[in-house]
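Chain residues, written in single-letter form:
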Amino acid sequence: MMNNDNLEQLLHALGISKLNQLQSNIKNIDINIFKLFNFAPDIILLVRSYIVKEDFTNKIGSITSIDDGILFSFHHVFDDEQNIDSYKNPIDETPYIQIIPLEFSREIMFHKHTRMKHITIIISKKYLRDFLKNDSGKFQYLFNNNENFWVEELMSDEMLKTAMEIVMAEIPVTLENYFFKLKALELLFHLFESLEKRDKSTCQKLNAGEIKAIYRVRDKLISSLNQPVPISELKQIAGMNELKLRSIFKQIFGLGIYEYFQHIRMKEAARLLMDDKLSVSEVGYQMGFSNLSHFSRIFEKHIGLKPKKYSATKS
């Protein structure tokens, strides 16, 4: 059970630093895990798991002692002991990372009965640039102070492995800080390996309205995995023309709309094969494929194995 000091630390890390916010939101969060490793002014590492008990909205801006920094938030990266039937997980449990400048003020809606499981790394831009050294030019959009960027990336197996080591590792107390700082940098290393594979394109400045619009499009895609949504409908949801929609979507997610849809679709197919133990044909039909050979080719492209072989290796 956490004491009030730890609750205050967590809520401050969430951006709830004013006393009235603190008092009004403590009652809305049921905390299971909270670990804070403060290496300021260079890095802050947070590991936290909590259940949202009531809907609430919080405006998050610059939230830490690191003034000019970037927030890397790794979502759905670990399981914990908080397994309460009445609290349902978010629909999309696919692990992903959001990368956001600290100065980008934004409003976050916390929904009742969702379980949040995050590893967050907050790092100063100067320290990150020094860490990347000669490669920093490949990620210049992270360091341009005049740009509001928002990037989301799906997690690799290497990132998941390192994330679990951060959550689960048992190490001597005398080496604790050294270990966790190294692991935070290792996690960033694997992330930048993934980001480097993105197409090199201009990163345009985004506003909160555009980001919300693109996430409405993303939510529509993942709510209809058995059938692609027509671009005409997505344009209407976003309230923007097709060129702008495709450009911002790829800027945020690193994939085109249809490619992203197929990737998430195959991730769900893999989950159904592994967790629900469905047959390949059952999964293919449930995902909207009438041609199982086509399903097998798409699955192999995104998962790396044909569905039958994947199912056999995971059983």
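Now for a quick tour of the structure. (Residues numbered from 1 in each chain as written. Predicted model: local features only at pLDDT ≥ 70, side-chain atom pairs only at ≥ 80, totals over all residues. Heavy atoms only, no water.)

Taking 1.5 Å of rise per residue, 15 residues should cover 21 Å, and helix α6 (residues 208–222) covers 21 Å from first to last C-alpha, within 8% of that figure. Taken together, the buried residues of α6 touch β5 (96–101), β8 (151–154), α7 (231–238), α8 (242–253) and α9 (257–274). A side-chain oxygen of the first residue of α6 lies 3.0 Å from the backbone nitrogen of Gly-209; this N-cap is Asn-207. (Helix = DSSP H or I, 4+ residues; strand = E, 2+ residues; numbered from the N terminus. Expected span 1.5 Å × (residues − 1). Contact = heavy atoms within 4.5 Å. Polar contact = N/O pair within 3.5 Å; in protein donor to acceptor, adjacent residues only side chain to side chain.)

Time to look at the pairing of strand β4 (residues 69–75). Most of β4 is tucked away: seven of the seven residues are buried. The two faces of β4 match: Gly-69, Leu-71, Ser-73 and His-75 on one face and Ile-70, Phe-72 and Phe-74 on the other face are all buried. In the sheet, β4 pairs with strand β7 (residues 115–124) via seven bridges, with the strands oriented antiparallel. Bridging from a neighbouring strand, Ile-70 pairs with Ile-123 of β7. By the bridge criterion, six bridges tie β4 to β5 in an arrangement that is antiparallel. Directly across from Ser-73, in β5, lies its bridge partner Gln-98. (Buried < 20%, exposed > 50% of the residue type's maximum accessible area, 1.4 Å probe, protein only. Pairing = 2+ DSSP bridges.)

This part takes up the packing of helix α4 (residues 157–168) against helix α5 (residues 176–195). Where α4 meets α5, the axes come as close as 9 Å, and the angle between the chain directions of the two elements is 165 degrees. Judged by the angle between their axes, α4 and α5 are roughly antiparallel. Seen along the crossing, α4 lies across α5 with a hand that is left-handed. Together, Glu-158, Met-159, Thr-162, Ala-163, Glu-165 and Ile-166 of α4 and Phe-179, Phe-180, Lys-183, Ala-184, Glu-186, Leu-187, His-190, Leu-191 and Ser-194 of α5 make up the contact between the two elements. Among the residues making up the contact of α4 with α5, the classes are represented as eight nonpolar, three polar and four charged. (Axes fitted to C-alpha atoms, helices over the stretch in contact; angles between N-to-C directions. Parallel < 35°, antiparallel > 145°, perpendicular 65-115°, else oblique. Left-handed = near helix turned anticlockwise from the far one by under 90°. Nonpolar A, V, L, I, M, F, W, Y, C, P; charged D, E, K, R; others polar.)

Here the structure, examined in full by the defined rule, presents 14 aromatic pairs. On the numbers, 5.2 Å between centres and 90 degrees between planes, the contact of Phe-179 with Phe-180 is edge-to-face. Phe-180 shares its class with Phe-179; the two are buried. Among the aromatic side chains, those forming a connected cluster through ring pairs are Trp-150, Tyr-215, Phe-249, Phe-253 and Tyr-260. Seen from the ring of Phe-143, Arg-129 lies directly overhead, with NZ or CZ sitting 4.3 Å from the centre. (Phe/Tyr/Trp six-rings, centres within 6.5 Å; stacked < 30°, edge-to-face > 60°. Lys NZ or Arg CZ within 6 Å of the ring centre and 35° of its normal.)

Time to look at the environment of Arg-265. Among the secondary structure elements, Arg-265 is positioned in helix α9. Between the alpha carbons of Arg-265 and Ser-224 there is a distance of 9.1 Å; along the sequence they are 41 residues apart. When residues no more than four places from it in sequence are discounted, the contact partners of Arg-265 are Leu-225, Asn-226, Met-287, Gly-288 and Phe-289. A distance of 2.8 Å separates a polar atom in the side chain of Arg-265 from the backbone oxygen of Leu-225.

So, on to the nonpolar core. Formed by 41 residues in total, the largest nonpolar core has its most connected members in Leu-221 and Ile-252. Of all the secondary-structure elements, those providing two or more residues to this core are β5, α6, α7, α8, α9, α10 (280–286) and α11 (292–303). Top contributing element to this core by residue count: α9, with nine residues. Those residues in contact with Leu-221 that sit more than four places away from it in its chain are Val-229, Leu-234, Phe-249, Ile-257, Tyr-260 and Phe-261. Ile-123, Phe-143, Ala-163 and Ile-166 belong to the second largest nonpolar core, which has 39 residues in total. (Core = buried A, V, L, I, M, F, W, Y, C linked by side-chain atoms within 4.5 Å.)

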